[in-house]
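Listed below are the residues making up each chain.
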Amino acid sequence: PASFSLLPSATVWGIVAFHVQGVRAFSPNLSTGNRPSVMGVNQQFTVSSTGVQVRGPGNILPPAGTPFSANVTVPDKNAINGVIHRIDAVLIPQ
């Protein structure tokens, strides 16, 4: 989005790194538990019959200031460098 163009590139890369896990994991292989992002921040994953949720220290956009909980809305999209699971929020590190 255009709003990202207003941020310093180091900030944008920090936000991206906060979203990335260091493993290639398709949804059938996901399990409930804590895993660090490539940024080194622990995130809690909850896998249930209703889907996958990500929680951890930080915020979501929108609304700012709210402890985040993001839901996977589109799982298992292949990418050249891994697999993408679309979530319904932008995770912002503290």
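Rules of the game
- Residues numbered from 1 in each chain as written.
- Predicted model: local features only at pLDDT ≥ 70, side-chain atom pairs only at ≥ 80, totals over all residues.
- Heavy atoms only, no water.
- Helix = DSSP H or I, 4+ residues; strand = E, 2+ residues; numbered from the N terminus.
- Buried < 20%, exposed > 50% of the residue type's maximum accessible area, 1.4 Å probe, protein only.
- Areas by Shrake-Rupley, 256 points an atom, 1.4 Å probe, with all protein chains shown as cover.
- Core = buried A, V, L, I, M, F, W, Y, C linked by side-chain atoms within 4.5 Å.
- Contact = heavy atoms within 4.5 Å.

Trainee: An account of the overall build of the protein chain is requested, with residue identities and associated values reported.
Mentor: In terms of helices and strands, the protein chain carries one helix and six strands. Across the protein chain, helices and strands are ordered from the amino to the carboxyl terminus as α-β-β-β-β-β-β. By the burial criterion, 19% of the 94 residues in the protein chain qualify as buried. Working note: accessible area of the protein chain is about 6100 Å², and carbon and sulfur atoms make up 60% of it.

Trainee: Summarise the nonpolar core; cite the residues concerned and give the values.
Mentor: Of all hydrophobic cores here, the largest spans seven residues; its members are Phe18, Phe45, Val52, Val54, Ala70, Ala89 and Leu91. Discounting chain neighbours no more than four positions away, the residues touching Ala70 are Val52, Gln53, Val54, Ile87, Asp88, Ala89 and Leu91.

None of the figures reported here should be taken as evidence of function without further support.
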